[in-house]
Amino acid sequence: MSKFKVLVADYTYSTLEPEKKVLETADAEMISAQCRTEEDVIEAAQGVDGIICQYAPITKNVIERLDKCKVIARYGVGFDTIDVQAATEKGIMVSNVTDYCLDEVSNHAFALLMACARKIVQLNESVKNGTWDSKIAKPIYRLNGQKLGLVGLGNIPQTLAMKAKAFGLEVLAYDPFVSTETAENTGVKLVDLETLCKEADYLSVHPPLNKHTQGMISDDQFKWMKKNAYIINTSRGGVIDESALIRALQANEIAGAGLDVLETEPISEDNPLLEMPNVILNPHSAYYSEESELELKQKTAQNVADVLSGKVPPYLVNKDAIRA
């Protein structure tokens with residue numbers, strides 16, 4: 001009989017074998033569920049020593065009902081589905097995986113930028129609908145010499161910055177938590193948010209979603225942007241005020257958008273963004289490659305295995321939860 005029990009509260013993967021193998025190294029038995037509500041999690045998590053979750057709500061109400069849990073590990077970079085403060089107060093470590101998809105997300109963000117810049121999607125749809133006319137893409141502007149604005153300058157946007165510079169883009173960033181030295185080492189100029197919005201030809205959004213970043217790109221920011229500018233989002237949909245984005249697009253305040261994430265996922269059938277030819281929509285897929293998915297699963301499980309083995313996991317979110 002295993003010493004520990006770990007719940008995978010929800011998942012979208014075809015197999016959990018990688019997690020199971022990692023957890024076995026810590027003498028932990030893995031059980032799984034597909035929890036959608038607080039009540040689902042509370043019922044499934046009785047007596048578990050650790051939880052792995054994807055989208056299941058790990059709220060204060062859930063955390064208060066956990067009697068043995070030592071660690072909550074989320075699949076992914078973000079951890080907005082977990083009440084970190086409540087976990088910290090109960091001495092439960094929370095972990096994420098910050099580096100499993102640096103290439104994938106930065107590549108995807110740049111792919112969306114390029115698709116917007118060269119109007120690839122519109123041209124493809126035009127040809128397939130029977131129109132052979134390159135002029136429908138006008139105007140297109142030379143990428144070299146234009147400015148990429150990064151909202152946030154963490155690991156992913158730093159990786160994106162290096163790739164964008166290879167294409168001749170000048171890179172600016174807004175991030176009050178990043179030092180000038182870090183920005184300079186990446187070849188990025190730090191500016192305030194208003195300046196970023198006013199100067200960027202492409203604005204790429206990267207902050208985690210929390211109470212400070214919810215809706216941080218809204219009406220004012222869109223009014224500051226150039227009429228020929230595009231906004232790219234591969235972080236979380238809620239960082240952009242979607243109603244404000246729709247208003248800006250309808251009023252031609254910006255040229256278009258490339259969105260991998262939305263406020264509500266899946267997108268509702270009546271969302272106006274679906275009818276806009278200058279908006280590219282993807283189904284929250286920027287993180288994915290076969291390699292990144294395996295890395296994510298293994299590292300998430302290893303976070304749990306480390307805690308159960310008496311170690312501090314390398315991707316610890318709440319250091320204050322470490323008990324003396």
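Calculation notes
- Residues numbered from 1 in each chain as written.
- Predicted model: local features only at pLDDT ≥ 70, side-chain atom pairs only at ≥ 80, totals over all residues.
- Heavy atoms only, no water.
- Helix = DSSP H or I, 4+ residues; strand = E, 2+ residues; numbered from the N terminus.
- Rg over C-alpha atoms; globule rule 2.2 N^0.38 Å.
- Buried < 20%, exposed > 50% of the residue type's maximum accessible area, 1.4 Å probe, protein only.
- Contact = heavy atoms within 4.5 Å.
- Areas by Shrake-Rupley, 256 points an atom, 1.4 Å probe, with all protein chains shown as cover.
- Pairing = 2+ DSSP bridges.
- Right-handed = clockwise from strand over helix to strand, strands pointing away.
- Salt bridge = Lys/Arg side-chain N within 4 Å of Asp/Glu carboxyl O.
- Expected span 1.5 Å × (residues − 1).
- Lys, Arg positive; Asp, Glu negative; His and termini not counted.
- Core = buried A, V, L, I, M, F, W, Y, C linked by side-chain atoms within 4.5 Å.
- Disulfide = S-S within 2.5 Å.
- Axes fitted to C-alpha atoms, helices over the stretch in contact; angles between N-to-C directions.
- Parallel < 35°, antiparallel > 145°, perpendicular 65-115°, else oblique.
- Left-handed = near helix turned anticlockwise from the far one by under 90°.
- Nonpolar A, V, L, I, M, F, W, Y, C, P; charged D, E, K, R; others polar.

## Re the overall build of the protein chain
Next up, step 1: Tallying secondary structure elements over the protein chain gives twelve helices and twelve strands in all.
Next up, step 2: Its C-alpha atoms give the protein chain a radius of gyration of 21 Å, near enough to 20 Å, the size a compact globule of 324 residues would have.
Next up, step 3: If you line up the protein chain on its principal axes, its C-alpha atoms span 70 × 45 × 30 Å.
Next up, step 4: Counting only residues that meet the buried cut, the protein chain has 50% of its 324 residues in that class.
Next up, step 5: For the protein chain, the share of sequence-separated contacts (at least 6 apart) that also reach a separation of at least 24 residues comes to 62%.
Next up, step 6: Taken as a whole, the protein chain presents about 15,800 Å² of accessible surface, with 49% of it coming from carbon and sulfur.

## Section: the pairing of strand 10 (residues 230–233)
Next up, step 1: Of the two faces of strand 10, the one carrying Tyr230 and Ile232 and the one carrying Ile231 and Asn233 are both buried.
Next up, step 2: Both strand 9 (residues 202–205) and strand 10 contribute to a ladder of four bridges, which runs parallel. Of the residues in strand 10, the one forming a bridge with Ser204 is Ile232.
Next up, step 3: As a crossover connection, the stretch from strand 9 through helix 10 (residues 219–224) into strand 10 is right-handed.
Next up, step 4: In this structure, strand 10 lies alongside strand 11 (residues 256–259), joined through four bridges in parallel fashion.

## What to know about the pattern of salt bridges
Next up, step 1: Following the criterion strictly, the structure yields 13 salt bridges and no others.
Next up, step 2: Across the pair Lys226 and Asp201 runs a salt bridge, and its minimum N-O distance is 3.0 Å. One end of the pair, Lys226, is in the loop between helix 10 and strand 10; the other, Asp201, is in the loop between helix 9 (193–199) and strand 9, with 25 residues separating them in the sequence.
Next up, step 3: Lys226 sits in the partly exposed class, given a relative accessible area of 28%.
Next up, step 4: In this structure, Glu253 engages Lys223 in a salt bridge whose closest nitrogen and oxygen atoms are separated by 3.2 Å. Within this pair, whereas Glu253 is found in the loop between helix 11 (242–250) and strand 11, its partner Lys223 is found in helix 10, the two being separated by 30 residues in sequence.
Next up, step 5: By relative accessible area, which is 55% here, Lys223 ends up exposed.
Next up, step 6: Bridged by salt links that share partners, the residues Asp49, Lys68 and Lys70 form one connected network.

## Focus on helix 7 (residues 155–166)
Next up, step 1: Here helix 7 is twelve residues long and its end C-alpha atoms lie 18 Å apart, about the 16 Å a rise of 1.5 Å per residue gives.
Next up, step 2: Within the span of helix 7, buried status applies to Ile156, Pro157, Thr159, Leu160, Ala161 and Ala164.
Next up, step 3: Here the buried face of helix 7 lies against helix 5 (102–118), strand 6 (147–151), strand 7 (170–174), helix 8 (180–186) and strand 9.
Next up, step 4: Two residues or fewer after helix 7 comes Gly168, characterised by a positive phi angle close to 90°.

## Topic: the side chain of Glu293
Next up, step 1: Looking at the secondary structure, you find Glu293 in helix 12 (residues 290–308).
Next up, step 2: Of the side chains bearing the opposite charge, Lys297 lies closest to the buried Glu293, which forms no salt bridge; the N-O distance is 5.3 Å.

## Examining the nonpolar core
Next up, step 1: In this structure, Ile217, Phe222, Ile231, Leu245 and Leu273 are the most contacted members of the largest nonpolar core, which totals 30 residues.
Next up, step 2: With five residues, the single largest contributor to this core is helix 11.
Next up, step 3: Excluding its chain neighbours within four sequence positions, the residues that come into contact with Ile231 are Leu203, Val205, Ile217, Phe222, Met225, Ile240, Leu245, Ile254, Gly256, Ala257 and Gly258.

## Observations concerning the state of the cysteines
Here, the word disulfide means a covalent bond between the sulfur atoms of two cysteines.
Next up, step 1: In this structure the tally under the stated criterion is zero disulfides.
Next up, step 2: Counting only cysteine sulfurs, Cys116 is the nearest neighbor of Cys197, a cysteine outside any disulfide, at a range of 16 Å.
Next up, step 3: Owing to a relative accessible area of 1%, Cys197 belongs among the buried residues under this scheme.

## With respect to the packing of helix 5 against helix 7
Next up, step 1: Two elements in contact, helix 5 and helix 7, have axes separated by 9 Å at closest approach and are oriented at 55°. Here helix 5 is positioned oblique relative to helix 7, judged by the angle of their axes. You can see that helix 5 and helix 7 cross each other, and the crossing is right-handed. From helix 5, Leu102, Asp103, Val105, Ser106, Asn107, Ala109 and Phe110 reach across to helix 7, where they touch Asn155, Ile156, Thr159, Leu160, Lys163 and Ala164.
Next up, step 2: For the contact of helix 5 with helix 7, the class distribution of residues is seven nonpolar, four polar and two charged.

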